Amino acid sequence: MQVDIGDFIESWRSSRFFASNRAPWALTASAPELISRAIASLTPDFDTRNDVAVHRTAVVESGAVVKAPAIIGPRAFVASSAYLRGGVVLDEDCTVGPACELKTTFLFPRAKVAHLSFVGDSILGSDVNVEAGAIIANYRNEMDDKRIRIVREGFIIDTGVEKFGALVGDGAKIGANTTIAPGALIARGRRVPRLSRIDQHPAPLEE
């Protein structure tokens, strides 16, 4: 069963990273290479140094760490003590709050990740809001077989990768202190209550 990023994120097909058959976990797995390639084609409105491109209207506060490769788009904001690594893209008007960690993650326009949150190997659609202290985990540390599998519409999707967090559709809201286990597909507009747990991995077979 295929997962089309465009079913979750309207602006995906006009994105510089668009590929018609690219699964979300394939996008994150190849993020560093794709981002480095995209940086080479950016306009002069970006200040590019050592494979980190920051738009002239973006704000990266002192004390934030942005590791290459990364693209910080127009009017994006990265707060002090935020940590971005492993290939990160912030589209226009995105916000990353204090003490957040983003690892290998794409944020589409106006997505926001509040303070003290972790987002790993994920894709967040336009107008997604992640409240404080939320965790989008990317690795099945508790399992012997760490491949990410997802139950969707009664089918089990085997991604073939060991690291993938979530594909979060446009307008979804993730409540504070929520934990999203590796391999989640969050529909457009979904409201996830505070202190929730989402785990779409297949249930273990009973012995």
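Residues numbered from 1 in each chain as written. Predicted model: local features only at pLDDT ≥ 70, side-chain atom pairs only at ≥ 80, totals over all residues. Heavy atoms only, no water.

Draft legend 1. Focus on the sheet that holds strand β8 (residues 95-96). Taking strand neighbours across the sheet as the criterion, the seven strands line up as β3-β6-β8-β10-β12-β17-β20 in an open arrangement whose pairing is parallel. Of all the strands in the sheet, just β3 (59-60) and β20 (191-192) have a single pairing partner and so form its edges. Pairing analysis gives two bridges linking strand β12 (residues 129-130) to strand β17 (residues 173-174), with the strands arranged parallel. In the strand pairing of β17, V130 is matched with I174. (Pairing = 2+ DSSP bridges. Helix = DSSP H or I, 4+ residues; strand = E, 2+ residues; numbered from the N terminus.)

Draft legend 2. Molecular detail of the environment of G133. Take G133: it is sitting in the loop between β12 and β13 (135-136). Under the relative-accessibility criterion, G133 is labelled buried at 19%. In this structure the C-alpha to C-alpha distance between G133 and M143, which are 10 residues apart in sequence, comes to 24 Å. Those residues in contact with G133, other than ones at most four positions away along the chain, are H115, L116, S117, N177 and T178. (Buried < 20%, exposed > 50% of the residue type's maximum accessible area, 1.4 Å probe, protein only. Contact = heavy atoms within 4.5 Å.)

Draft legend 3. Representation of the pairing of strand β1 (residues 46-49) within the structure. Sheet analysis places β1 next to strand β2 (residues 52-55), joined by four bridges and oriented antiparallel. Bridge pairing in β2 places R49 opposite V52. Once β1 ends, the chain turns through two residues before running back antiparallel as β2, passing N50 with a positive phi of about 50 degrees.

Draft legend 4. Representation of the packing of aromatic side chains within the structure. Overall, the coordinates contain four aromatic pairs when judged by the stated rule. Pairing W12 with F18 gives two aromatic rings, centres 5.8 Å apart and planes at 65 degrees, and the pair type is edge-to-face. W12 gets classed as buried once you look at its relative accessible area, which sits at 1%. Judged by relative accessible area, which is 34%, F18 ranks as partly exposed. A ring pair is formed by W12 and F108, whose centres lie 6.5 Å apart and whose planes are at 70 degrees; its orientation type is edge-to-face. Residue W12 is found in the segment before α1 (24-29), and its partner F108 is found in the loop between β9 (101-107) and β10 (112-113); the two are separated by 96 residues along the sequence. (Phe/Tyr/Trp six-rings, centres within 6.5 Å; stacked < 30°, edge-to-face > 60°.)

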